[in-house]
Amino acid sequence: MRRHADVTELRRVLCAGSESGLPAGRPDRLGLHPEGSAPADGWDPERPTLLGGVPQGPSSPAPGPLAVTALREQAARSGIGQILVPYVRRSDDTGPLRAAGFTAVAAGSEGLVRLPGEVADVLRGRVGERRFGELRARHAEHRELSWEPTGLGDLSGRPEAREAFAALHRRETGRGALWTAEALDALARGPLADRTELLLRRRGGDVVQAGLLVRSYNGRGIHSLTQALAPDTAAARQALYEASLYELYLHARRTGLEWVHLGPGDAERMRALGADHFVALDHWLSAPDLKAGPEQPPEPAEIQVSAFATEPVAAVPVPGPARFRGRPKFDLLDLSGNTNPFLGADGRYPELDTAELARTYLSTVGRLPGHTGLGELGPEWALFTSGAVDAVMLLLAALAAPGDAVCVTPPTFELYAHFARVLRLPVVEAPLLGEDLTRLDVERILSAGPRVTFLCDPNNPVGTRLDREQVLDLITRSRGLVVIDEAYVEFSAGPSYAPLVARHDNLIVLRTLSKAWGLAGARCGVALAQPGLVEALRRVQVPFGFTGASQRAVRDRLTDSARVLDSVRRILAERDRMARELARHPAVERVFPSEANFLLVRTHRHEHVMERLRDAGIMVADTARLVPGTCRVSIADERANDTLLDALSTVQ
C-alpha cells in the first residue's frame, strides 16, 4: 500500500474527487492542520495546497529528487504556492526534501495492531484487563449492526452502497471530505480495486458507518483507508469506532491476516486500541515565505559508539539485518530472509524493531518505587538480550580488549568471572567486607584499574544490598565501566541505579524479567546504558536472538504489572516468615538479611543438612564454596516452604 505506484494511484483517485481536478485542497479541510497555532511561520492552513501524498490510510513514501522536482513543476503550472507531502515516515530518506527547502513538522505516528493470536487474548495482553473489558463491552453494544464488505469489483451491482458511502462522507469536514462518489468510482476502475472492499454497517435499514478496507500489497495485513460515522456526538462516534475496530480485528483474523493498520494519529490513543507498533511521521511543507517553527523534528542522526568500545567494535557496523531495525517491514514484500514461505508466520524472523516494547518496559518499570526518571529515557537507552547473562558476555566482548582486567567482588554471581576467563581476560577479586557482606573495598578496586567492574546488587548469593555511598563513589571515581546487575531489585526496598545511567557514561545497569516478572522461560534481559554503549553492544549481538514469542510474552507481562506486584508482595511476606522460622531452627546457625527472593542460610553440619535435603527430594543451591557452610534457599509458595521446614526438622 505504501509503494509509490499505490500512492500515485490514490492521488489520481483524489483528483477525481477534487473540484480542481488536482490532488489539492485546503489543509484545514483535510484534517492535516495540527491543533493549536500554525505549524510554521509563512504557512497558511486555509490556502490551496498541492498534495505530494495522500492524507489518509498509509503514510506517504518520501519522494526522491525527480519526484520533488515534478511536484514543484506541477505547483508552478497550477499557480499553487504551497506544497504538502503528508505523513512521511521519519525513517525514510528525506534528504531530497531537505535539499529542496521543505520544512518538517511532527505529525504523530502511524499505528499497527499486530494479531499473533486470538483477538481477545491479544487485546487483553496489550491494554490490560480493564481496558479490554471496555472494548469488549463496546463491541457487544453494537453487535446488532451488520458487517457488509463488498469488493469494489462488485460495486456496480450495488448502487445503494455507493450512494450511502458518498452521503456519509459528505458530512465529514476532515480527511473524509475527499471521498466523493467520483473518487470511489475512480478507485473502482483502477489497480487497487481488487484489493479494496467497501464496508457498510447498518442499524436496521440505516447506514451508520461507511469505509474502505485495503489489503496490503504483501497480503499480510489490512489498511483502514477511510471511515465515516453517522452519530452526531463525539462519545457515540468513539463508541461506534471502537466497536467497529474490534470487529475489524476479528475480520482480519478470520481471513488469515496478521495486522490492522490504523493510519496516522496519536500514539497514546492508538495504544488504548491495541496498537503495538508505531512509526514516527512528519509533514513536509513548502511555501514561498515559510520559516521553520520552533518544534522541528530532529534530523536523523547516527548514534556514535561509546569511547569505551574496543577498537574492532568501533570500526564495524551493527551486523546484518539489525542495521535496518528502524525501517518498518510489515508492509513490504520481504524476499530477503531465505526462509520457508509455506509453514506460517513462524517461518519469518522475529521483529528487530523493539523500540515500542522498550518504551513500554521503561515506562512500566519507571513507575515502580525507586525508579523515578527511568520512564523519561528513550528506547535507544535499552537493549533487550537473551537473559541478563547474555548481556554480560556482550559487554565483555564489546568493551574489554585482551589484557583489560575485569573486577569481581566475591561472593558474587559466578558467571561474571567465568565469561571473563572464557574471553581470556584477567580477573581481579576485591572481596566484599562486613558482617553482612555489604561493603566494597573501593580503594582496592580502583588501584587495580579494571576495565569493567561487576557489582551484584542485591547480591547473589547473599541477598543484601551494597553500601550505596560506596557504589556511587566507585562510579564517580572509576575510569572504567561499572556494571550493576539488578536481577533482584524489584524485591528490595532500596532504589535502583537504573535512572543514573543518564548521568554517568561509564554505568551499565542489567535487569531481567526472569525473577520478579516470572518470565525465566522467555529469556529476556535488559541492558540500560547511554546510547553509545548500547550501540557498542548491538555490534556484537547476534541478530534475531529476541524471539517473537518472547517479545509477546514480555509485552503481555508488562501490561499485567499489577499481578506481578501482587505476587512480589506475597513473596516478600513468605520471605520474612521463612527468615523467622529458619532463624530459630536448631539446624540453622544464621540467616543473612535479604532484599531478594531468597535467603542465604548458614547451617550447623552443612554436609549433613545438604544430604538430608537431597534425600527429601529438595534442591537448594549449595553456596558453601562461596560463603562457607551456607546454602541459598529460593522463596516458593507456602506449601513448598513448609516442606523444606519439615525436612529440616529431621536433621539431628
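A brief look at the structure comes next. In this text, all values refer to a predicted model and were calculated from it rather than measured experimentally. Sequence order sets the numbering: in each chain, residues are counted from 1 along the sequence as written. Reporting of local features is limited, given that this is a predicted model, to residues whose pLDDT is at least 70; pairs of side-chain atoms are given and counted only at 80 or more, and all residues count toward the totals for whole chains, interfaces and linings. By convention in this description, side-chain values take in all heavy atoms of the structure and omit both hydrogens and water.

## Comments concerning the nonpolar core
Phase 1: The definition of a nonpolar core used throughout is a set of buried Ala, Val, Leu, Ile, Met, Phe, Trp, Tyr and Cys residues joined through side-chain atoms within 4.5 Å. Partly exposed residues are those whose accessible area sits between 20% and 50% of the maximum for their type, while under 20% is buried and over 50% is exposed, using a 1.4 Å probe and protein chains only. If you look at the biggest cluster of nonpolar residues, it comprises 57 residues, and the most contacted ones within it are W179, L198, L212, Y249 and L262.
Phase 2: With seven residues, helix α7 (residues 234–254) is the single largest residue contributor to this core.
Phase 3: Counting 53 residues, the second largest nonpolar core, distinct from the first, contains A358, L455, V462 and C524. To qualify as a helix, a DSSP run of H or I must reach at least 4 residues; to qualify as a strand, a run of E must reach at least 2; elements of each kind are numbered from the N terminus.

## Thoughts on a nonpolar patch on the surface
Phase 1: Exposure above 30% relative accessible area and the absence of a salt bridge qualify a residue for a patch, where like charges join within 9 Å and nonpolar side chains (Val, Leu, Ile, Met, Phe, Trp, Tyr) within 5 Å. Accessible areas in this description were obtained via Shrake-Rupley with a 1.4 Å probe; residue shielding takes into account the shown protein chains only. A carboxyl oxygen of Asp or Glu within 4 Å of a side-chain nitrogen of Lys or Arg is what we treat as a salt bridge. Together, Y217, L333 and L335 give the surface a local cluster of nonpolar side chains, amounting to about 340 Å² of exposed area.
Phase 2: Positionally, Y217 belongs in the loop between β7 (206–215) and β8 (221–229).
Phase 3: By relative accessible area, Y217 is classed as partly exposed at 38%.

## Concerning unusual backbone geometry
Phase 1: Following P410, the chain continues to P411 via a peptide bond in cis, the omega torsion being 0°.
Phase 2: By secondary structure assignment, the location of P411 is in the loop between β12 (406–408) and α12 (415–422).
Phase 3: The omega torsion across D457 and P458 is 0°, close enough to zero to call that bond cis.
Phase 4: Tracing the backbone shows P458 in the loop between β14 (452–456) and α14 (468–477).
Phase 5: Positive phi, normally seen in glycine, also occurs at R424, with a value near 60°.
Phase 6: Its location among the elements puts R424 in the loop between α12 and β13 (427–429).
Phase 7: Located in the positive-phi region is R523, a residue other than glycine, with phi close to 55°.
Phase 8: Checked against the element boundaries, R523 lands in the loop between β16 (507–512) and β17 (525–528).

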